[in-house]
Amino acid sequence: MIKPIKIYGKRKVGFIENNLIKAHKEWVKGFKVFTARSNNIGTELHDDNLNTKIGYPNEIVTETYLVIGGDIDLNLNSARNLSNYLKTKFSRFLISIAKSTQDAPRSTYKFVPMQDFTLYSDIDRSKSITEIDQQLYKKYKLTKDEIYVINTTIVEMD
């Protein structure tokens, strides 16, 4: 292979030539976050599986996954921050509102507000996921009742 690109599939990792990539070629060279297109959020199943993986430059995924942040010029630090944001109860609750099956296409993220994932963010991303949730609740002025619904609906991730 002349310019191999790592590709993650359902249970396999392989390589593909750069010239064979059909969609979003502009995302190949940057950092991004990968997450499974199928997850349990918003279903009757336990919702602990919104796992994310940092996508490094020259890594792509099959349609089994979604690419998040491929178009916002992430670096390694901001990709980690985005990955952690997707693990918060806050974002997982908002995802759950837009879906009712295990399938989670891009549209299921429509209620999740975009954040600043850089060092200049209004959220201290050095904190734990639980502490980031608390900051998000405050940022969006959630009531005690709204926080209660989120905390009793969405489980902690391991």
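None of the values given here were measured: they were computed from a predicted structure.

## Digging into helix α1 (residues 76–85)
Then step 1. What α1 keeps buried is the set S78, A79, N81, L82, S83 and Y85.
Then step 2. For α1, the elements touching its buried residues are β3 (32–36), β4 (52–55), β6 (65–68), α2 (89–97) and α3 (129–139).
Then step 3. Near the N-terminus of α1, the side chain that reaches the backbone nitrogen of N77, with its oxygen 3.0 Å away, is that of N75.

## Some words on the nonpolar core
Then step 1. Ranked by internal contacts, the top residues of the largest apolar core, which has 25 residues, are L82, Y85 and F90.
Then step 2. Every element with two or more residues in this core is listed here: β6, α1, α2, α3 and α4 (144–153).
Then step 3. No other element matches the four residues that α2 contributes to this core.
Then step 4. In this view, F90 contacts Y85, P113, D133, L136, Y137, Y140, L142 and I150; residues no more than four positions away in its chain are not counted.
Then step 5. Core analysis: the second largest hydrophobic core is formed by six residues, I5, I7, I21 and I60 among them.

## Notes on the packing of aromatic side chains
Then step 1. Scanning the entire structure with this criterion turns up four aromatic pairs.
Then step 2. Here the aromatic rings of Y8 and F34 are separated by 6.2 Å at their centres, their planes lie at 55°, and the arrangement is tilted. Of the two residues, Y8 is situated in strand β1 (residues 4–8) and F34 in strand β3; the sequence distance between them amounts to 26 residues. No difference in accessibility class separates Y8 from F34, as the two residues are buried.

## Examining the sheet that holds β3
Then step 1. Taken together, three strands build an open sheet; the order of strands is β4-β3-β6 and the sheet is antiparallel. Looking along the sheet, the strands with just one partner apiece sit at the ends: β4 and β6. Averaged over all pairs of adjacent strands, the angle between strand axes in this sheet comes to 30°, irrespective of strand direction.
Then step 2. Across four bridges, β3 lies against β6 in antiparallel orientation. Pairing of V33 across the sheet is with I68, part of β6.

Definitions and cut-offs
Residues numbered from 1 in each chain as written. Predicted model: local features only at pLDDT ≥ 70, side-chain atom pairs only at ≥ 80, totals over all residues. Heavy atoms only, no water. Buried < 20%, exposed > 50% of the residue type's maximum accessible area, 1.4 Å probe, protein only. Helix = DSSP H or I, 4+ residues; strand = E, 2+ residues; numbered from the N terminus. Contact = heavy atoms within 4.5 Å. Polar contact = N/O pair within 3.5 Å; in protein donor to acceptor, adjacent residues only side chain to side chain. Core = buried A, V, L, I, M, F, W, Y, C linked by side-chain atoms within 4.5 Å. Phe/Tyr/Trp six-rings, centres within 6.5 Å; stacked < 30°, edge-to-face > 60°. Pairing = 2+ DSSP bridges. Axes fitted to C-alpha atoms, helices over the stretch in contact; angles between N-to-C directions.

Take it as geometry only, folks, not as evidence of what the structure does.
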